[in-house]
Amino acid sequence: MTTTRGLGGALSSQQYVALIGLTIVYLIVELAFNARLLDVVGGTPSLHEIERIEVWGRLLSGAAVALVALQVLWARRASSLTVLLVCAACVVAVYGGIRVLIDKIVLQQDARFRSASVNLVLLKQALATGKAELEGFVDDPAVFSAADGKAFLAMLPLLAQAMDDVDARTSRISTQILRAMVRRDMPEKRYAEQYNKAVYGAFTAYRDSYLKLSATKPPDVQAEFDKAWNDYVDRLAVRGWTPSTVPPRAERSVRDSVRQQIPTIPRGWALDDQRGFLRAIERQVEARTGASNYFNPDGTLNMPLRASGGRSIRIARGLSFEGFLAHSEIQQQLREELSLPKGVVIRTGYDADQFRRAVYEPFLENRVREIAAPYAAARADYEQGGRFYACGLDRSRIALVPSIALLFSLAGAVLHAGKLAFLLSSGAIRVLGLGRLAVPGGAVALLAVVAAVLAAILTTQTRITESSLYAQTIAPELSPVQRATSHFVLVGQALGYPLNDALRQHVLMGARFGYSGPSGAVVKQSATDSCR
């Protein structure tokens, strides 16, 4: 068996070939994952989607470190058990370490960062779904479906943090963005259908309730009340009392006696309160029969309201459709159900223009007002203990993780491409009988590959980096290290995506890495998923 010198010792030929094979496999998986990662973080992912694909990223990072440990352990002739335990420990340690690192980075951000992240993530959503445009950016409506546009979207929430007063700048346009997103999620035609369904559905439920009760024999609440009240009065009469003349010393015992027979009597019930006694009988009948709809003694229908937490109202039976809609409680119920503000009159017969002005536009304004609070909140609300602190943490993670994940993935691929060059070149040198030059030659190959890739990326411009928005507004606000890092990610992802996605689709048979969306798709997120 031939051997070659590795890091710290000798490797057998089989081990050398195995390392080359494992490195190639890792590179294929890493590059394929990088393409899928860009599909996810370059859209508008939810926090759940980010965390799900982040699991794969941490596993691959752990595998990368385990590959380095494997080479060192084989070179030192470690036992198979030691190799297995150390490599497994590397995967576990890196997997957990990256999570701890990201959590720490997120928690270290200040209220300004959290506040800005809320608005920047919203801006990113709007850009990805075509509901907003950036002045001085690429004039191509399909830009955010391309690799360079996805990379920019992924980096935007972090890049924009370097700008002065970014939270104030973005919060000013958040209301318009939210309005457009609500309109997208609930277009006027669909809302009109929902409106009619709610209105006619409420009347149908009312009509069916009283028709059904009229066709059956509903509980006779009045008869039960009359019997229970007369029995109560008769018991008092035996002692020479009436409900209004019970001595104060006996009031408690009399009340307790009545509550034993009618548990729905309130503890503070006045002994001569016939109306309260009747209400208790009604509640007792409803509890016994399980009926939510029944006729009251006055002939009205007891009807529960769908949008009011089970609260019931008394409403006359046999009302016309117009009479039913005119009932103030019904108006309130339907406004709550349809997210309409007070003052909107629920009725039918609106023409298209009237409906838009009287109903749909108030719905939009009310819905935006309901979800807009985090975007206009003061920075103090994002301090620890503030009402939007948790919201700010979630949006900070969405802002930070895509950039970190893309950077780690791209850097890992470049470094392992260099490592593969090291293994191939040092192996070839040994085959030529120049063993002493194998490690230096491999190191030169490693450095050459890494330097060539970095030079190619850092000296290449894309339409994103050449846009006036990036070149004149964003880049000057970044430090030299931040500028080089963002350029590395933006250009590297754009150049590598075609190859990476081809590997994913054709070599790994379309591996999804935990994300079920199609390649090149924008991950849509509803406006109703906003922080609240």
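Everything discussed here concerns the structure shown above.
Residues numbered from 1 in each chain as written. Predicted model: local features only at pLDDT ≥ 70, side-chain atom pairs only at ≥ 80, totals over all residues. Heavy atoms only, no water.

## Section: the nonpolar core
Across soluble globular proteins, nonpolar side chains have a tendency to be buried as a group.
Step number 1: Counting 110 residues, the largest nonpolar core has F152 and Y191 as the members making the most contacts within it.
Step number 2: With 13 residues, helix α1 (residues 13-41) is the single largest residue contributor to this core.
Step number 3: When residues no more than four places from it in sequence are discounted, the contact partners of Y191 are M186, L338, L340, F355, V359, Y360 and F363.
Step number 4: Ranked by size, the runner-up nonpolar core spans 20 residues in total, among them V221, F225, Y232 and L271. (Core = buried A, V, L, I, M, F, W, Y, C linked by side-chain atoms within 4.5 Å. Buried < 20%, exposed > 50% of the residue type's maximum accessible area, 1.4 Å probe, protein only. Helix = DSSP H or I, 4+ residues; strand = E, 2+ residues; numbered from the N terminus. Contact = heavy atoms within 4.5 Å.)

## A short note on the packing of α1 against helix α5 (residues 147-159)
Step number 1: The interhelical angle for the contact between α1 and α5, taken along N-to-C directions, is 65°, at an axis separation of 8 Å. Considering how the two elements wind past one another, α1 and α5 form a crossing that is left-handed. Facing L38, D39 and V41 of α1, the residues of α5 in contact are A147, K150, A151 and A154.
Step number 2: Residues of the contact of α1 with α5, tallied by class, amount to 5 nonpolar, no polar and 2 charged. (Axes fitted to C-alpha atoms, helices over the stretch in contact; angles between N-to-C directions. Left-handed = near helix turned anticlockwise from the far one by under 90°. Nonpolar A, V, L, I, M, F, W, Y, C, P; charged D, E, K, R; others polar.)

## Side note on the packing of aromatic side chains
In this description, a pair of aromatic rings is defined by centroid distance and the angle of the planes.
Step number 1: Applying the stated criterion across every chain yields a total of 23 aromatic pairs.
Step number 2: Where F203 meets F324, the ring centres are 5.5 Å apart and the plane angle is 65°; that geometry is what we call edge-to-face. Remark: F324 occurs in helix α11 (residues 321-326) and F203 occurs in helix α7 (residues 188-215); sequence separation between them is 121 residues. As far as the burial class goes, F203 and F324 line up, both buried.
Step number 3: Every member of this aromatic cluster is reached through a ring pair, and the members are Y191, Y195, Y350, F355, Y360 and F363.
Step number 4: In this arrangement the basic side chain of R58 is found over the ring face of Y95, its NZ or CZ atom lying 4.4 Å from the centre.
Step number 5: It is R347 that lies over the ring of Y350; its NZ or CZ is 4.0 Å from the centre. (Phe/Tyr/Trp six-rings, centres within 6.5 Å; stacked < 30°, edge-to-face > 60°. Lys NZ or Arg CZ within 6 Å of the ring centre and 35° of its normal.)

## Let's talk about unusual backbone geometry
Step number 1: Located in the positive-phi region is S339, a residue other than glycine, with phi close to 55°.
Step number 2: Its place among the elements puts S339 in the loop between α12 (328-337) and α13 (352-371).
Step number 3: If you check the backbone angles, M509 has positive phi at about 55° while not being a glycine.

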